[in-house]
Every structure is written in C-alpha cells, then in structure tokens.
Amino acid sequence: DNEALFNVAHNVLKQKAPQYAELNWLTAMAMNGLSSSFRFRCALNHDLHQMYLNLVPFNRLPFLLCAQAPICAPGTACRWTVQELTDQAWSSRNFFANIKIEDGKILCSSQLYHGNMATSEYDDETAKNQAKMSDDFVSWIPCSTQHAIIGVP
C-alpha cells in the first residue's frame, strides 16, 4: 500500500520527501524479484502460483505480503550475506503493506534468493529463521516454507 511504500522510502532509504518516481522504483524492484522465477531458471521449481495452490489448503484465508531485501538506493550496489538478507526480508521495515506479524499467523512463506550461492547456505538460514519464528507460523501446515535460488542477480 502507498503508506507502506512511503515508510520504506522514508525509514530505509532515508528520503525526507519521496517522490512518485522513488515509490514506483520500489514497486518495480519488488515485482522484478517476484516475477524472476518465471523469467529465469532457478535451482528449484518455484513460482507464486504453485505456492498459493500447494501450501495454502484454504483459499479464503491468505493475504499475500511482499517484502524486499536488500533495499538500496537507485544506482547503488548492495552486497549482503544470506543471513542479513533473510533478516531484512522478515523485518517489518521492509514490508510493502502496513501490517504487524504479531497480530496474526503466517500460513506459508516463499523466499527467492538471487545470485550465486550454495543451496546449503540458504537452507540453513531458512531453517534457523523458521525455528526462531515457529510461534508465528500456524501449526497445521507442517512444511510451510518454500525457497529458491535464481542464478541471475
């Protein structure tokens, strides 16, 4: 939502008065990341439609939330570890909707990592994150996370 985009631009990118161009850039960056599994081959067969159908057994419950990590100013290069990327993606500062995870439960999550990295590295971080946030996930979906590595940065 617009308020969340403004908060990301103001709090993360430290822009005092974000313009529509910066907000559109944030949206384009997120959509580029979300659609990359359709455009490029990835280590696992992964897409949002598959996640929506396979991980969520009740079609009236989900609300898809988008988060982006890393968020860098346009034209700057960012280098982060897998742990930092995972922590940023789950930070409410990087959510593109104004919600609090504490107010509800997570049915499932889908994480797309871009770049060249070992699958064991992101498997370990995803397992640590899911163990740390186990109270936030519903208990009746045992395998509630999907993740993929897309080799194109």
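Here, the structure is the one placed above.
Thresholds, definitions, all that
Residues numbered from 1 in each chain as written. Predicted model: local features only at pLDDT ≥ 70, side-chain atom pairs only at ≥ 80, totals over all residues. Heavy atoms only, no water. Helix = DSSP H or I, 4+ residues; strand = E, 2+ residues; numbered from the N terminus. Buried < 20%, exposed > 50% of the residue type's maximum accessible area, 1.4 Å probe, protein only. Contact = heavy atoms within 4.5 Å. Areas by Shrake-Rupley, 256 points an atom, 1.4 Å probe, with all protein chains shown as cover. Axes fitted to C-alpha atoms, helices over the stretch in contact; angles between N-to-C directions. Parallel < 35°, antiparallel > 145°, perpendicular 65-115°, else oblique. Left-handed = near helix turned anticlockwise from the far one by under 90°. Nonpolar A, V, L, I, M, F, W, Y, C, P; charged D, E, K, R; others polar. Core = buried A, V, L, I, M, F, W, Y, C linked by side-chain atoms within 4.5 Å.

Moving on, we come to the overall build of the protein chain. From N to C terminus, the protein chain includes 5 helices and 2 strands. Element order for the protein chain, N to C, with α for helix and β for strand: α-α-α-α-β-α-β. The buried share of the protein chain, taken over its 153 residues, is 36%. Sequence separation of 24 or more characterises 73% of the internal contacts of the protein chain that already satisfy a separation of 6 or more. Carbon and sulfur atoms form 54% of the exposed surface of the protein chain, whose accessible area is close to 9600 Å².

Moving on: the side chain of Gln88. Structurally, Gln88 can be placed in helix α4 (residues 82-89). By relative accessible area, which is 18% here, Gln88 ends up buried. In contact with Gln88, other than residues within four places in its own chain, are Ala69, Pro70, Ile71, Trp80 and Asn94.

Contact pair α4 / helix α5 (residues 119-132): the axes reach a minimum separation of 9 Å and the direction vectors enclose 40 degrees. Here α4 is positioned oblique relative to α5, judged by the angle of their axes. Where α4 crosses over α5, the handedness of that crossing is right-handed. For the pair α4 and α5, contact is made by Val82, Gln83, Thr86 and Asp87 and by Glu121, Tyr122, Glu125, Asn129 and Lys132, respectively. Among the residues making up the contact of α4 with α5, the classes are represented as 2 nonpolar, 3 polar and 4 charged.

As a further point, take the nonpolar core. If you look at the biggest cluster of nonpolar residues, it comprises 11 residues: Leu5, Val8, Ala9, Leu13, Leu23, Leu26, Met29, Ala30, Cys66, Ile71 and Phe96. Contributions of two or more residues to this core are made by α1 (2-12) and α2 (20-39). Sequence-distant contacts of Leu26, defined by excluding residues within four places in its chain, comprise Leu5, Val8, Ala9, Leu13, Ile71 and Phe96. In terms of nonpolar packing, the next biggest core, distinct from the first, is built from 6 residues, Trp90, Phe95, Ile106 and Phe137 among them.

The subject of this paragraph is unusual backbone geometry. The linkage connecting Ala69 with the following residue, Pro70, adopts the cis geometry, with an omega of -10 degrees. Assignment of secondary structure puts Pro70 in the loop between α3 (48-55) and α4. Although it is not a glycine, Lys14 sits at a positive phi angle of roughly 60 degrees. Looking at where Lys14 falls in the secondary structure, it is placed in the loop between α1 and α2. Of the residues examined, Lys14 reaches a relative accessible area of 61% and is grouped as exposed.

Keep in mind these numbers describe shape, not what the thing actually does.
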